[in-house]
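Survey of secondary and tertiary structure
So the chains spell out like this:
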Amino acid sequence: MLKTSSNSNSNCFHCGEVLIEKPILFDEKNFCCEGCKTVYEILNQNDLCNYYNLENTPGITPPKNLSKKFEYLESEQLIDTLVDFKDENTSVITFYIPQIHCSSCIWLLENLYKLNHDINSSRVNFLKKEIKIVFKHNQLSLRQLVELLASIGYEPSINLNDIKTDKKKPIDRSLIFKLGVAGFCFGNIMLISLPEYFGLDSIKESHFAKFFGYINILLSLPVLLYSASGYIQSAYQAIKHKTINIDIPIALGIFALFFRSTYEIVSHTGAGYLDSLAALIFFMLIGRIFQQKTYDILSFERDYKSYFPIATTLVTENGMEKNIAVAELEVGDIILIRNNELIPVDATLVKGSANIDNSFVTGESNPVRKEIGDKIYAGGKQIGQAIQLKVIKKLSHSYLTQLWNDEAFTKADEDKFEGIMTKMSKYFTIIILFIALGSMVYWWNINIKTAINSFTAVLIIACPCALALSAPFTFGNVLRILGRNQFYLKNASVIEKIAKITTVVFDKTGTITQSSESNVSYHGTTLTNEQQSAVASVLRQSSHPLSKMVFNYFADTTIVDVDNFKELIGKGLVGEVKNNTIQLGSEKFVCNVAENSTKATRVYLKINDNFLGYFQLENSYRKGLNELIRKLKKDFKLNLISGDNDSELENLKTFFGNEGEFLFNKTPEDKLSYIKSLQKKGETTLMIGDGLNDAGALKQSDVGISISEDVNTFSPACDAILDAKVFNRLPDFIAYCKSSITIIILSFIISFAYNIVGLLFAVSGMMSPVFAAILMPISSITVVIFTTIATNFMARKYKI
């Protein structure tokens, strides 16, 4: 029996942590929390404690004598193909686990680090039945990891036939098989029960009636034990973990029908309701298959129909450089990655000195040095000089989506809407249980058959499936439509946050201005060909908009190697070319002055401590900016913040007017602080900026949008990526996101109306459980049809 105790050992038996508060005593052992106790309990039930020698080890160590089943996972070549990422110490892998079916599965799998301390983290994608695991491969091999998963009942599905191409998930047909069994038994039970339907008293009263009754019980057993197993297991896990889900009342209804029917048949007091039981499970499985198909469609659209509107620099065979969409990269292509740019595909290093920051993938921010020929995984970020990589694997949109949604880059208030839905479903279940029990108690003394029918019908008809489908299906369709229009959102929670924004903050350079259209002129000492080559080579290392503008000024200049390159955010660039030190940046940085002497946009140049001149830039504003500002001003407060000076203030006022704030000469830290100050005033902020240079402000803002213009500016800090070509359509995208919230509210109303009307008929005893089971999937179908039509209608309204 579970109880608490203050005496005993000072460490948790499971994880080894020091017990500060009163420990939880279970099985004569102390635990620090319910999580450790429950994991131990689960393992102990499977007799795994002795298997893993828990007595001597805090946590769980994989067994030494592994079975030969997973021996093939010791092949290094195979491991390199299976893992998503691997460095000296850490590997990241994604498994498809078909056994995932409920919140209990998620809880256990996301606590794998408690089973083995060499597992850094694990995260479940419930819709896809996938788990992403980060582990220390030097201490825990891939084979041992798979053994551990298999030992707790979650053996990954690894299809070796698909390893050489794309990883494909095997199709889970278990629901189809369960539906087939339920349908077969349902048909035969109905056939045997025909005398009951037609009132043939001569047969009902004969010895055949008893025989047919027992046959019906035998036919109902596969339905109960196999077809309904998902509902029963889910209910059991919920009760075991002291939670409530919708499968609890459904399981109660199933057991009520089965045991009542068995009692009537065995006691010869009636024919029972086994035909209703089989029909009920048959139609509920149809509804569950429909729901699963719906989620599968959403996952497919998210990963394959939408795409990241980012590009990278392709180095052609003749040495020319051109920007192409990352999706167009082929195996064998050579790409150029500049300082702070994301590596979009798996590749090998062919030129340059690579220092890779893998915090995007593993959470470890210390750069890892790579040598020529080393493999570099997608998701890493180059720190330092530009490098050239050879593509060895094509782009995986689903992998980038997974990285983008990693918990390291989520914001504290994400998924509020889903949290509300979870709470609503919990109270919904409790209320329905009370209604069902009250209905049964009311009818029990009047008519037992009506009481059972009413109890079961209430549990089935009042299903929150339609309620649960409203938000994900609406948001999923909106994500698909926006992605198709080159506005790619991180996840569904971003839609809700966009609908709540009150203030829009713009960055200037590279956001409302166009790098490719800017005019650049040089003023100062004439540069030799060798100096031009050195300056262009240093500029080429950087992805900053001003660096790219000035680099384009040296269109036909020879590029040479750069050593000791550094990019000081908000200041400038430093690099060495043939023992000459090149310094480019602001006047304060290059000339060591207290303040810039001019308001013009300039990049100053110094070579070996000799000031040579400056490049002056005249910005070109994006097409449609005037119309975009006019539309946004109707609904939002507009502000502008820039690291540049205020030389173009008057031009900006022609777009923005005199309302709002104009802040200049701000560092990335200043931008982040400004966003915080707006939030303290109660504003919900939308920041639009450069994905790399404004990363802090983008992450701090409620919604951060990165503008993509033929360059790899993708950053995990942003919530959305907007292709520069559709920049002027941003007001329509925001209005569309707002309309999606209205659609969800309307779909809630439809779902509630269905439940209220259904409950009235069920409580009054006018609805059979079978009819309730038929109506249950119809409600989900109605909501899906409504949200699909509504989201597409609103998209046409806003010409999206």
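Residues numbered from 1 in each chain as written. Predicted model: local features only at pLDDT ≥ 70, side-chain atom pairs only at ≥ 80, totals over all residues. Heavy atoms only, no water.

A few points about the overall build of the protein chain
Counting secondary structure elements, the protein chain contains 27 helices and 29 strands. The burial tally for the protein chain puts 54% of its 800 residues in the buried class. Total accessible area computed for the protein chain in this model is approximately 36,400 Å², and 54% of it derives from carbon and sulfur atoms. (Helix = DSSP H or I, 4+ residues; strand = E, 2+ residues; numbered from the N terminus. Buried < 20%, exposed > 50% of the residue type's maximum accessible area, 1.4 Å probe, protein only. Areas by Shrake-Rupley, 256 points an atom, 1.4 Å probe, with all protein chains shown as cover.)

Examining empty space enclosed by the protein
Over the atoms a probe the size of a water molecule is rolled, and this reveals where empty space is left. Scanning the entire structure with this criterion turns up 1 cavity of 30 Å³ or more. A volume near 30 Å³ is recorded for the largest cavity. If you go around the largest cavity, the residues you meet are Phe-85, Lys-86, Asp-87, Ile-356, Asn-358, Lys-370, Lys-375, Ile-376 and Tyr-377. Of all the elements in the fold, those that place two or more residues in the lining of the largest cavity are β4 (85-86) and β14 (375-376). Taken together, the residues of the lining of the largest cavity break down into 4 nonpolar, 1 polar and 4 charged. (1 Å grid on protein atoms, 1.4 Å probe; cavity = no way out; pocket = protein on both sides within 12 Å on 5 of 7 lines; lining within 4 Å. Points joined across faces, edges and corners; volume = space filled by probe spheres on them. Nonpolar A, V, L, I, M, F, W, Y, C, P; charged D, E, K, R; others polar.)

Overview of the sheet that holds strand β24 (residues 610-618)
Here we have 6 strands laid out as an open sheet, ordered β19-β24-β23-β22-β21-β20, and antiparallel in their pairing. What marks the edges here is a single partner per strand, and that holds for β19 (519-524) and β20 (563-568). Within the sheet, the average angular offset between the axes of one strand and its neighbour, ignoring direction, is 15°. The pairing of strand β22 (residues 580-585) with strand β23 (residues 601-607) spans 4 bridges and is classified as antiparallel. What sits directly across from Gln-583, in β23, is Lys-606. Together, β20, β21 (572-577), β22, β23 and β24 form the strand contacts of helix α19 (residues 529-540), whose direction differs from that of β22 by roughly 60°. (Pairing = 2+ DSSP bridges. Axes fitted to C-alpha atoms, helices over the stretch in contact; angles between N-to-C directions. Contact = heavy atoms within 4.5 Å.)

Focus on the packing of aromatic side chains
By the definition in use, this model includes 16 aromatic pairs. In textbook terms, an aromatic cluster arises when at least three aromatic residues are bridged by ring pairs, as seen for Tyr-522, Tyr-553, Phe-554 and Phe-615. Looking at Lys-178, its charged tip hangs above the ring of Tyr-226, at a distance of 6.0 Å from the centre. (Phe/Tyr/Trp six-rings, centres within 6.5 Å; stacked < 30°, edge-to-face > 60°. Lys NZ or Arg CZ within 6 Å of the ring centre and 35° of its normal.)

A word on the sheet that holds strand β17 (residues 487-489)
Within the open sheet, the 7 strands sit side by side as β17-β29-β28-β27-β18-β25-β26. Their pairing is mixed. Every interior strand has two partners, whereas the edge strands, β17 and β26 (662-663), have only one.

Overview of the pattern of salt bridges
Within this structure, the stated rule accounts for 12 salt bridges. Here Lys-351 ties to Asp-561 by a salt bridge, and the two come within 3.9 Å at their closest N and O atoms. With Lys-351 in strand β11 (residues 347-351) and Asp-561 in the loop between α20 (545-553) and β20, this residue pair connects regions lying 210 residues apart in the sequence. Residue Lys-351 is classed as partly exposed on the basis of its relative accessible area, which comes to 41%. Looking at Asp-561, the relative accessible area reads 54%, which means it is exposed. Across the salt bridge formed by Lys-637 and Glu-683, the nearest N and O atoms sit 2.6 Å from each other. Residue Lys-637 is found in strand β25 (residues 637-641), and its partner Glu-683 is found in the loop between α24 (668-680) and β27 (685-689); the two are separated by 46 residues along the sequence. Taking the relative accessible area as the measure of exposure, Glu-683 reaches 14% and is therefore buried. One salt-bridge network, held together by shared partners, links Glu-76, Asp-80 and Lys-86. (Salt bridge = Lys/Arg side-chain N within 4 Å of Asp/Glu carboxyl O.)

So, the confidence of the model for the protein chain
In this model, the protein chain carries an average pLDDT of 77, and 75% of its residues clear a pLDDT of 70 or more. Here strand β1 (residues 3-4) is the element of the protein chain with the lowest mean pLDDT, 34, and strand β18 (residues 503-506) is the one with the highest, 94. In this model residues 161-168 is a low-confidence stretch, pLDDT under 50, and it forms 9 contacts with partners more than four residues away in sequence or in other chains. (pLDDT = per-residue confidence, 0-100.)

Considering the nonpolar core
Counting residues in hydrophobic clusters, the biggest one holds 50 residues, and the most contacted among them are Phe-487, Leu-489, Phe-506, Ile-512, Phe-656, Ile-705 and Leu-722. Ranked by residue count, the leading element in this core is helix α26 (residues 730-763), at 8 residues. Ignoring anything within four residues of it in the chain, the contact list for Ile-705 reads Phe-487, Leu-686, Met-687, Ile-688, Gly-689, Leu-698, Ala-720, Leu-722 and Leu-730. Membership of the second largest hydrophobic core comes to 33 residues, among which are Ile-79, Val-83, Ile-100 and Leu-140. (Core = buried A, V, L, I, M, F, W, Y, C linked by side-chain atoms within 4.5 Å.)

Brief notes about the packing of helix α22 (residues 625-633) against helix α23 (residues 649-656)
For the pair α22 and α23, the least separation of the axes is 8 Å and the interaxial angle reads 55°. Comparing the axis directions of α22 and α23 gives the class oblique. Of the residues in α23, those touching α22 at Leu-625, Asn-626, Ile-629 and Lys-633 are Thr-654, Phe-655 and Phe-656. Its residues assigned to classes, the contact of α22 with α23 comprises 4 nonpolar, 2 polar and 1 charged. (Parallel < 35°, antiparallel > 145°, perpendicular 65-115°, else oblique.)

Comments concerning the pairing of β11
Pairing analysis gives 2 bridges linking β11 to β14, with the strands arranged antiparallel. Its bridge partner being in β14, Ala-347 is matched across the sheet by Ile-376. Where β11 and strand β16 (residues 387-391) come together, 4 bridges link them in antiparallel fashion. By the bridge assignment, Lys-351 is partnered in β16 with Gln-388.

Details of unusual backbone geometry
Not every positive phi belongs to a glycine, and Asn-564 is a case in point at roughly 50°. Note that Asn-564 resides in strand β20. Judged by relative accessible area, Asn-564 falls into the exposed class, the value being 52%.

A short note on the packing of α19 against α20
Running from N to C, α19 and α20 cross one another at 145°; their axes reach a closest spacing of 9 Å. As for the relative orientation of α19 and α20, their crossing is left-handed in sense. Packed against α19, whose contacting residues are Ala-536, Leu-539 and Arg-540, the element α20 presents Ser-547, Val-550 and Phe-551 at the interface. Looking at the contact of α19 with α20, its residues break down into 4 nonpolar, 1 polar and 1 charged. (Left-handed = near helix turned anticlockwise from the far one by under 90°.)

Quick look at a nonpolar patch on the surface
Where nonpolar side chains cluster on the molecular surface, the patch consists of Phe-752, Ile-756, Val-757, Leu-760, Phe-761 and Met-766 and spans about 610 Å² of accessible area. Considering the arrangement of structural elements, one finds Phe-761 in helix α26. (Patch = residues over 30% accessible without salt bridge, like charges linked within 9 Å, V, L, I, M, F, W, Y side chains within 5 Å.)

With respect to the environment of Ala-795
If you trace the backbone, Ala-795 turns up in helix α27 (residues 769-797). Those residues in contact with Ala-795 that lie beyond four places of it in its chain are Ile-481, Tyr-736 and Ile-800.

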